[in-house]
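Summary of structural features
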Amino acid sequence: MIYTVTFNPALDYVVRLPAFEPGAVNRTESEDIQLGGKGINVSCVLGQLGFKSVALGFVAGFTGEAVEAGLARRGVSADFIRLPEGLTRINVKIKASVETEINGRGPAIPAGALEELFRKLERLAAGDVLVLAGSIPASLPSDIYQRILARLAPKGVLCAVDATGELLVKVLPYRPFLIKPNNHELGEIFGRTLSTDEEIVECARLLQQKGARNVLVSMAGDGALLLDEGGNVHRLEAFKGKVKNSVGAGDSMVAGFVAGWLEKGDYAWALRLGSACGSATAFSDTLATRTEIESLLQR
């Protein structure tokens, strides 16, 4: 089974308008409410690909109920921990000539609720997949990803981590199955600006030497690069299309990569499916659908 963890789920209120003028009354052309949170995005795209998953994390208040109901409508199983106080956050995504985001803080997560999450994770077994994605709320310890992987490492659970900076680096000794920095995040870890494939591969190998099994580097319009656990480099150019949306593209790539690996056990295919999922989301107003993903794969 595949499990995803979202520490800070959200309802994303997405508004579209021709231009956004701060300090003035702005009228939208269209608007909708989408589920938010990186792990939730991964679960939704996995569902489009025919893979069942269980979304874990924390929800609170009526907005948390809306997140649970939204996942149920999409056929995604959830096993959230309900917090007694606060509200699952609402994020405002303004799509105009430039994208602007206003993200809420979300509820505080008490120590008892965190221990309840650990008890749920203790049920995972060899062959299960766990996806940890995104930043963590200020109410949680900064080493939370590290603590989770330390507990799961002896169990043989395949862990995929999509995080940045120290949050990512600290999990490497526990040999995560997959990490997915983008090229800028990879450079920041080493205090460098990476301009060539050779420089990206060099830094990816350093992370591999620290423990990562597979390093998937997304590069937006320049495509993606994978350094697999056998030391092989796979390079894929970007799919062509009009970018409409940057939210969830990286999460979609993680979902596609995991699904591709589970489907065929082939890293080249996992990279291609992951790239198609990421691009399909970028070319859409929402997360990619199966039809949109398959259309890119047929090119």
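The structure under discussion appears in the preceding block.
Residues numbered from 1 in each chain as written. Predicted model: local features only at pLDDT ≥ 70, side-chain atom pairs only at ≥ 80, totals over all residues. Heavy atoms only, no water.

With that settled, the discussion passes to the overall build of the protein. Each helix and strand in the protein was counted, giving 10 helices and 14 strands. The C-alpha atoms of the protein give 19 Å as radius of gyration, which agrees with the globular expectation for 299 residues (19 Å, within 12%). Summarising its shape, the C-alpha atoms of the protein cover approximately 55 × 45 × 40 Å along the three principal directions. Split into buried and exposed, the 299 residues of the protein put 52% on the buried side. Taking contacts inside the protein between residues at least 6 apart in sequence as the whole, the part at least 24 apart equals 62%. Just so you have it, the protein exposes about 13400 Å², and 50% of that area is on carbon and sulfur atoms. Counting 32 positive and 34 negative side-chain charges, the protein places the averaged centre of each group 3 Å from the other. (Helix = DSSP H or I, 4+ residues; strand = E, 2+ residues; numbered from the N terminus. Rg over C-alpha atoms; globule rule 2.2 N^0.38 Å. Buried < 20%, exposed > 50% of the residue type's maximum accessible area, 1.4 Å probe, protein only. Contact = heavy atoms within 4.5 Å. Areas by Shrake-Rupley, 256 points an atom, 1.4 Å probe, with all protein chains shown as cover. Lys, Arg positive; Asp, Glu negative; His and termini not counted. Charge placed at Lys NZ, Arg CZ, Asp CG, Glu CD.)

The axes of two packed helices give the description: the angle between them and the distance between them. With their axes 9 Å apart at the nearest point, helix α9 (residues 267-282) and helix α10 (residues 290-297) run at an angle of 125° to one another. If you check the angle between α9 and α10, you find them oblique. Crossing handedness for the pair α9 and α10: right-handed. Where α9 abuts α10, its residues Trp269, Arg272, Leu273, Ala276, Cys277, Ser279 and Ala280 lie against Glu292, Ile293, Leu296 and Leu297. (Axes fitted to C-alpha atoms, helices over the stretch in contact; angles between N-to-C directions. Parallel < 35°, antiparallel > 145°, perpendicular 65-115°, else oblique. Left-handed = near helix turned anticlockwise from the far one by under 90°.)

Moving on, we come to the pattern of salt bridges. The full count for this structure, using the stated rule, is 16 salt bridges. Between Lys120 and Asp79 there is a salt bridge; the shortest N-O distance is 3.0 Å. In this pair, Lys120 sits in helix α3 (residues 111-121) while Asp79 sits in the loop between β5 (77-78) and β6 (81-83), placing the two residues 41 residues apart along the sequence. Exposure remark for Lys120: the relative accessible area of 10% places this residue in the buried category. (Salt bridge = Lys/Arg side-chain N within 4 Å of Asp/Glu carboxyl O.)

For Arg175, which is not glycine, the phi dihedral falls at a positive 55°. Residue position: Arg175 is located in the loop between α5 (165-169) and β11 (178-179). Although it is not a glycine, Ala220 adopts a positive phi angle of roughly 50°. By secondary structure assignment, the location of Ala220 is in the loop between β12 (214-218) and β13 (224-227). Look at Ala220 and you get exposed, because its relative accessible area is 71%.

Another aspect to go through is the packing of aromatic side chains. On inspection of all chains with the given rule, the structure shows five aromatic pairs. On the numbers, 4.5 Å between centres and 10° between planes, the contact of Trp261 with Tyr267 is stacked. Connected via pairs of aromatic rings, a cluster forms that spans Phe177, Phe257, Trp261 and Tyr267. The ring centre of Phe118 lies 3.9 Å from the NZ or CZ of Arg151, which sits over that ring. Seen from the ring of Trp269, Lys264 lies directly overhead, with NZ or CZ sitting 4.2 Å from the centre. (Phe/Tyr/Trp six-rings, centres within 6.5 Å; stacked < 30°, edge-to-face > 60°. Lys NZ or Arg CZ within 6 Å of the ring centre and 35° of its normal.)

Within helix α4 (residues 144-152), burial applies to Ile144, Tyr145, Ile148, Leu149 and Leu152. Down the axis of α4, the smallest arc covering the buried residues is 130°, so these residues share one side. Turning to α4, the residues buried within the fold contact α3, β9 (129-133), β10 (158-162) and α5. (Arc of directions from axis to C-beta.)

Moving on to the nonpolar core. Core analysis: the largest hydrophobic core is formed by 46 residues, its most contacted members being Phe7, Phe58, Leu117, Leu121, Leu130, Tyr145 and Ile148. For Phe7, the residues in contact, after removing those within four places along its chain, are Phe58, Ile109, Leu117, Ile136, Pro137, Leu140, Ile144, Tyr145 and Ile148. Val129, Phe239, Ile293 and Leu296 belong to the second largest nonpolar core, which has 38 residues in total. (Core = buried A, V, L, I, M, F, W, Y, C linked by side-chain atoms within 4.5 Å.)

Attention now goes to the sheet that holds strand β2 (residues 10-16). Taken in spatial order, the four strands make up an open sheet running β3-β2-β7-β8, and their pairing is mixed. For this open sheet the edge positions go to β3 (30-36) and β8 (99-102), each flanked by a neighbour on one side alone. Strand-to-strand twist of the sheet, defined as the mean angle between neighbouring strand axes without regard to direction, takes the value 20°. Here seven bridges tie β2 to β3, and the two strands are oriented antiparallel to one another. Following the sheet pairing, Val15 is matched in β3 by Glu31. (Pairing = 2+ DSSP bridges.)

For the rest of this paragraph, the subject is helix α1 (residues 38-48). The element α1 is extensively covered by neighbouring structure, given that eight of its 11 residues are classed as buried. All buried positions along α1 are accounted for by Gly39, Ile40, Asn41, Val42, Ser43, Cys44, Val45 and Leu46. Gly50 lies just past α1 and shows a positive phi near 90°.

Everything listed here is a matter of coordinates, which is why it stays silent on function.
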